[in-house]
Amino acid sequence: MKVTITVNGAEHTDEVEPRTLLVYYLRETLELTGTNVGCDTSQCGACTVLLDGMAVKSCTVLAAQADGSEITTVEGLAQNGNLHPIQTAFWEKHGLQCGFCTPGMMLTAVDLLQRNPNPSDTEIRRALEGNLCRCTGYQNIVAAVKEAAGKMKA
């Protein structure tokens, strides 16, 4: 079937099998490998993207369901060569170690900060519950989200 999906501001029209998951469309068809496949069961959040501005696990969405939608991946956060405040904050606050979960964490955080520009630590932790990290212990991730919140308000 034919789908037309706007990804990171660019419109793409492609033929996909009806069963193709959005995560595989992004990685294999568009070669946007920042969206990671972690668990294939929607438990880890490594595949999180923004679908029409809302954080979703792309392993739970068919590419056909995203037809006509706008997708933002981690590659689309930076604008005009400038990192997004969440990307800068993760770097400055050491919110990543191996980096595998980082794209999903960042996109979940962007969604949170769009809805709640001044979240508490508890609200940040609650928003990130669906994103698993095996390296950091989450404290620096929470600090990075708070830092990004401050930068996005400025």
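Residues numbered from 1 in each chain as written. Predicted model: local features only at pLDDT ≥ 70, side-chain atom pairs only at ≥ 80, totals over all residues. Heavy atoms only, no water.

1. Quick notes on the packing of helix α2 (residues 85-92) against helix α3 (residues 102-115)
Argument step 1. Between α2 and α3, the shortest axis-to-axis distance is 10 Å and the interhelical angle comes to 125 degrees. Accordingly, the angle class assigned to the pair α2 and α3 is oblique. Considering how the two elements wind past one another, α2 and α3 form a crossing that is right-handed. Counting all contacts with α2, which are made through Ile86, Gln87 and Phe90, the residues of α3 involved are Thr102, Met105, Met106, Ala109, Val110 and Leu113.
Argument step 2. In terms of residue class, the contact of α2 with α3 is built from seven nonpolar, two polar and no charged. (Axes fitted to C-alpha atoms, helices over the stretch in contact; angles between N-to-C directions. Helix = DSSP H or I, 4+ residues; strand = E, 2+ residues; numbered from the N terminus. Parallel < 35°, antiparallel > 145°, perpendicular 65-115°, else oblique. Left-handed = near helix turned anticlockwise from the far one by under 90°. Contact = heavy atoms within 4.5 Å. Nonpolar A, V, L, I, M, F, W, Y, C, P; charged D, E, K, R; others polar.)

2. Quick notes on the packing of α3 against helix α5 (residues 139-153)
Argument step 1. Contact pair α3 / α5: the axes reach a minimum separation of 11 Å and the direction vectors enclose 45 degrees. The orientation of α3 relative to α5 falls into the category oblique. The way α3 lies across α5 gives a crossing that is right-handed. Two secondary-structure elements touch here, α3 through Met105, Ala109, Leu112 and Leu113 and α5 through Ile141, Val145, Ala148, Ala149 and Met152.

3. Concerning the sheet that holds strand β2 (residues 10-15)
Argument step 1. An order of β2-β1-β5-β3-β4 is seen for the five strands of this open sheet, with the pairing classed as mixed. Every interior strand has two partners, whereas the edge strands, β2 and β4 (54-57), have only one. For this sheet the average axis-to-axis angle between neighbouring strands, irrespective of direction, equals 40 degrees.
Argument step 2. Here strand β3 (residues 48-51) runs beside strand β5 (residues 70-72); their pairing, made up of two bridges, is antiparallel. Paired with Leu50 across the strands is Thr72, a residue of β5. (Pairing = 2+ DSSP bridges.)

4. Quick word on the pattern of salt bridges
Argument step 1. The tally for this structure, following the rule as stated, stands at six salt bridges.
Argument step 2. A salt bridge links Arg19 to Glu17; the nearest nitrogen and oxygen atoms lie 2.9 Å apart.
Argument step 3. The residue Glu147 makes a salt bridge to Lys151 at a minimum N-O spacing of 3.9 Å. Within this pair, Glu147 and its partner Lys151 are both found in helix α5, separated by four residues, close to a single helical turn.
Argument step 4. Linked by salt bridges that have partners in common, Glu92, Lys93, Glu147 and Lys151 make up one network. (Salt bridge = Lys/Arg side-chain N within 4 Å of Asp/Glu carboxyl O.)

5. Notes on unusual backbone geometry
Argument step 1. You will see that Ser42, though not glycine, has its phi angle at about 65 degrees, which is positive.
Argument step 2. For Ser42, the position within the fold is in the loop between α1 (22-29) and β3.
Argument step 3. Here Tyr138, not a glycine, exhibits a phi torsion of approximately 75 degrees, which is positive.
Argument step 4. Looking at the element boundaries, Tyr138 is found in the loop between α4 (121-127) and α5.
Argument step 5. Judged by its relative accessible area of 24%, Tyr138 falls in the partly exposed class. (Buried < 20%, exposed > 50% of the residue type's maximum accessible area, 1.4 Å probe, protein only.)

6. Re the pairing of strand β1 (residues 2-7)
Argument step 1. Inspection of the sheet shows β1 paired to β2 by six bridges, in the antiparallel sense. Pairing of Thr4 across the sheet is with Thr13, part of β2.
Argument step 2. If you look at the hairpin formed by β1 and β2, you'll find two residues sitting between the two strands, and Asn8 has a positive phi there, around 55 degrees.
Argument step 3. The pairing of β1 with β5 spans two bridges and is classified as parallel. Bridging from a neighbouring strand, Thr6 pairs with Glu70 of β5.

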